[in-house]
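Structural overview
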Amino acid sequence: MTKLDGKTVLLGVTGGISAYKSVELARLLIRAGANVKVVMTESAKRFVSPLTFRAVTRNPVADTMWSDPSSPIPHISLADEADVVVVAPATANIIAKHAHGIADDLLSTLLLAVRGRIIFAPAMNEKMYLHPSTTENLRTLKQRGVVIVEPKEGELACGEVGIGRMAEPPEIFESVKSELAKSDSMKGKKIIVTAGPTREHIDPVRFISNPSTGKMGFIIAKRAMMRGADVTLITGPTDLYPPDGVDTVKVVSARQMRDAVFERLPQADALIMAAAVADYRPAGGRAQKKIKKSDEELELRLEPTEDILLEAGKNKGNCLLVGFAAETDNVIENALRKLERKILDLIVANKVDHPESGFGTNTSLCAIISSKDFEGEKRELEMMSKVEIAEELLGFLENMFKRNA
Ligand code: CTP
């Protein structure tokens, strides 16, 4: 399938010698039916004339925040229009600017306003590509979900041989196609995602909780929304900003999370429980007034909270259930036990006692396992960003929806 009819691709061109290859990329996109809008930086215009892109795309080329009288805020309208943004070539400069949120020209400014998918195809001299700043900036972008089409080894414009050549236009074109395919692959699906910790209050100022920051659940909710799903995010207390386009419901305790989930479960196609729900709360409820300190020992009696997934498993109907297993040892065995006990369709086994994997990290060491109904597939993932894990998980879920259809 190469038809990109009705899709708008925003092609950002920055100042590298491979800017001429982006003309070919624009042509491939146009031939596949896309509407291509080009934004050029000042230095890009030294390599290729805007007229060339204008002739190929039949659209005006944008290069400044200030010149289009029909749109006083072109950075917002261009960002809103685009189904996908591809920056090719992406210089070390635009990579650094976007990694740090710098907005000092049209392209860098509109990149901050994009809520959809972004692809970067880096191109530069090998020394610049391997500089720790560039490596770090690319890592930051990847962790935020920017797709990087890796540069290749070969002869570089400076005459040296090494890594840094921009990927060829057909490879970048394939990446644009695959990102566009994902952009409505979950259309019509209602998905509930839970995130963060719960708090079980002992008295008005003290509570039992855990170190969950909510990152994984927030990322899953955002990426599911970017696939076109209708997403409700039910979250315990976190410092995160609710993702745009996601209906966010804030709760505090396990009981509130349970009620919010069950109110919506009958209409849902999938429930993804990424929340770290507290397993116990103070027995008999919280003290109404602050407990005063004394020299006596204080005994705290606890009672189990509702197990939301266990309860959902018993009344799941056609809803697919996805659990997370936070484990320190026997990760796979423990996760498999939870998958069966809670009658889940999919479980993400997560190692949580590793410095780069677990609460608050940007990366995680996981395995994704499906139930026997879905062939009991087990995929052990290398250490990867939470965005990449969310994409793997949603890929699984999408295939399961297709099988159930
Ligand atoms: N979960 C839930 N309700 C709870 C506790 C957990 O729905 N009261 C969900 C979590 O959101 C997660 C899955 O169950 O998706 C597994 O959570 P985890 O804490 O790993 O396991 P527990 O069932 O709590 O078992 P244990 O703490 O003994 O490992």
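Everything quoted here is computed from the prediction, not taken from an experiment. (Residues numbered from 1 in each chain as written. Predicted model: local features only at pLDDT ≥ 70, side-chain atom pairs only at ≥ 80, totals over all residues. Heavy atoms only, no water.)

**Some thoughts on a nonpolar patch on the surface**
- The grouping of I17, Y20 and F47 at the surface amounts to a nonpolar patch, some 330 Å² of accessible area in total.
- Within the secondary structure, Y20 is located in helix 1 (residues 19-31). (Patch = residues over 30% accessible without salt bridge, like charges linked within 9 Å, V, L, I, M, F, W, Y side chains within 5 Å. Areas by Shrake-Rupley, 256 points an atom, 1.4 Å probe, with all protein chains shown as cover. Salt bridge = Lys/Arg side-chain N within 4 Å of Asp/Glu carboxyl O. Helix = DSSP H or I, 4+ residues; strand = E, 2+ residues; numbered from the N terminus.)

**What about the side chain of T109?**
- By secondary structure assignment, the location of T109 is in helix 6 (residues 106-113).
- The exposure class of T109 is buried, given its relative accessible area of 13%.
- Those residues in contact with T109 that lie beyond four places of it in its chain are M65, H75, A103 and D104. (Buried < 20%, exposed > 50% of the residue type's maximum accessible area, 1.4 Å probe, protein only. Contact = heavy atoms within 4.5 Å.)

**Some details on the domain arrangement of the chain**
- Taken domain by domain, the chain holds domain 1 (8-182) and domain 2 (190-404).
- The C-alpha-based centres of domain 1 and domain 2 are spaced at 36 Å.
- Across the boundary between the two partners, domain 1 contributes eight residues, which contact nine residues of domain 2.
- Between domain 1 and domain 2 lies a buried interface of about 830 Å² when both sides are counted; carbon and sulfur atoms form 46% of it.
- For K182, the salt bridge identified is with E391, shortest N-O distance 3.8 Å. (Domains from an automatic or database assignment. Buried area = accessible area lost by both parts, 1.4 Å probe.)

**Some words on the pattern of salt bridges**
- Counted by the stated rule, this structure contains 38 salt bridges.
- Put simply, R281 and E306 hold a salt bridge, and the shortest N to O gap is 3.1 Å. Of the two residues, R281 sits in strand 14 (residues 280-282) while E306 sits in the loop between strand 15 (302-304) and helix 12 (308-314), which places them 25 residues apart along the sequence.
- Judged by relative accessible area, R281 falls into the buried class, the value being 10%.
- The partner of K338 in a salt bridge is E327, and the shortest N-O contact between them spans 2.5 Å. Of this pair, K338 sits in helix 13 (residues 331-341) while E327 sits in strand 16 (residues 320-327), placing them 11 residues apart in sequence.
- Taken together, the salt bridges that share partners define one network made up of R117, E179, K182, R223, R227, E391 and E398.

**With respect to the packing of helix 1 against helix 9 (residues 169-182)**
- In contact at an axis separation of 9 Å, helix 1 and helix 9 are set at 45° when each is read in the N-to-C sense. In terms of orientation, helix 1 lies oblique with respect to helix 9. Our pair here, helix 1 against helix 9, has a crossing hand that is right-handed. Along the contact surface, helix 1 presents K21, E24, L25, L28 and L29, while helix 9 presents P169, P170, I172, F173 and V176. (Axes fitted to C-alpha atoms, helices over the stretch in contact; angles between N-to-C directions. Parallel < 35°, antiparallel > 145°, perpendicular 65-115°, else oblique. Left-handed = near helix turned anticlockwise from the far one by under 90°.)

**Focus on the site of the ligand**
- Among the 17 residues in the neighbourhood of the ligand, the closest are listed as M273, A275, F324, K338 and K342.
- Within the side chain of K338, one N or O atom sits 2.7 Å away from an oxygen atom of the ligand.
- Here the ligand has 570 Å² of accessible area as a free molecule, and 78% of this is covered by the chains.
- Those elements giving two or more residues to the shell around the ligand turn out to be helix 12, strand 16 and helix 13.
- If you tally residues by element for the shell around the ligand, the top one is strand 16, at four residues.
- For the shell around the ligand, the class distribution of residues is nine nonpolar, two polar and six charged. (Near = heavy atom within 4 Å. Polar contact = N/O pair within 3.5 Å; in protein donor to acceptor, adjacent residues only side chain to side chain. Nonpolar A, V, L, I, M, F, W, Y, C, P; charged D, E, K, R; others polar.)

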